[in-house]
Amino acid sequence: GLTRVFERSYTGPVYSDGIYLVDGEGNRITESALSEGEKLTVFPEPRPGIEKAPTLLVRHAEDAYGGETKTEYTVGGYAAYSKVCTHAGCMVSNEEGETLVCPCHFGKFDPTAGAKVVGGPPPRALPQLPITLSSDGYLIATGDFNGTVGPGGD
Ligand code: FES
């Protein structure tokens, strides 16, 4: 799987050093983009090696997050997880209530608990992408996913 997708590691709160998240049309994402309970497929703004990093941006009440969620990776109720299923690499694109569902073999992930597996064959959680708000008001990634993207890895 794709692992190290950023050119260098995040070293501190230098927000201009983050990578803008963009939607399928390349538009940056403002803090008001989603309401609680909504989700959106985004991409870290293209840089060498990260164009294959489709990402699910979700928004929930800030106090809804628990379990394995890295809350230091969330901002304003937003969390971002790899969209690539850890089972066989399909795009996790469906929902059952607040549960994220992979359409291939019905793997299920809880986005309020670190995208841990709550059903089906996936062997591990969807890796989380650390995000914050840039000084100019857009969602940015401040580092790499916290695990291997897609099948493989541990
Ligand atoms: Fe997602 Fe099999 S590829 S459940």
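Along each chain, the written sequence defines residue order, and numbers are assigned to residues from 1. The predicted nature of this model means local features are confined to residues of pLDDT at least 70 and side-chain atom pairs, given and counted, to a pLDDT of 80 or more, with totals for whole chains, interfaces and linings taken over all residues. As a convention, hydrogens and water are excluded, and side-chain values are obtained from all of the structure's heavy atoms.

**Student:** Looking at this structure, I do not really get the sheet that holds strand β4 (residues 78-82). What am I missing?
**Tutor:** By way of backbone hydrogen bonds, the strands of a sheet pair with one another, either parallel or antiparallel. Across the sheet, seven strands lie side by side as β9-β4-β3-β2-β1-β11-β10; this open sheet has antiparallel pairing. Each edge of the sheet is formed by a strand with only one pairing partner; in this case those strands are β9 (128-129) and β10 (131-133). When DSSP finds two or more bridges between two strands, those strands count as paired. We count a stretch as a helix when DSSP gives it H or I for four or more residues in a row; a strand needs E for two or more, and each element gets its number in order from the N terminus. Bridge count between β4 and β9: two bridges; the pairing is antiparallel. Within the sheet, the bridge partner assigned to tyrosine 81 lies in β9 and is glutamine 128.

**Student:** Would you mind showing me how to read the environment of proline 54 here?
**Tutor:** Here proline 54 lies in the loop between β2 (39-44) and β3 (55-59). Separated by 31 residues in the primary sequence, proline 54 and aspartate 23 place their C-alpha atoms 9.7 Å from one another. Residues count as neighbours in contact if any of their non-hydrogen atoms are within 4.5 Å of one another. Apart from residues lying up to four places away in sequence, proline 54 is in contact with Val42, Phe43, Ser82, Lys83, Val84 and Met91.

**Student:** Looking at this structure, how should I read the nonpolar core?
**Tutor:** In globular proteins that are soluble, nonpolar side chains generally tend to be buried together. Grouping buried Ala, Val, Leu, Ile, Met, Phe, Trp, Tyr and Cys residues that are joined through side-chain atoms within 4.5 Å yields what is termed a nonpolar core. Partly exposed residues are those whose accessible area sits between 20% and 50% of the maximum for their type, while under 20% is buried and over 50% is exposed, using a 1.4 Å probe and protein chains only. By size, the foremost hydrophobic cluster in this structure holds 16 residues, and its most contacted members are Leu21, Ile29, Leu57, Tyr78, Leu129, Ile131 and Leu139. Only β4 and β11 (139-141) provide two or more residues apiece to this core. Excluding its chain neighbours within four sequence positions, the residues that come into contact with leucine 139 are Ile19, Tyr20, Leu21, Ile29, Thr30, Leu57, Val75, Tyr78, Thr132 and Leu133. Among the nonpolar cores identified, the runner-up in size contains 13 residues, and Leu56, Leu100, Phe109 and Ala115 belong to it.

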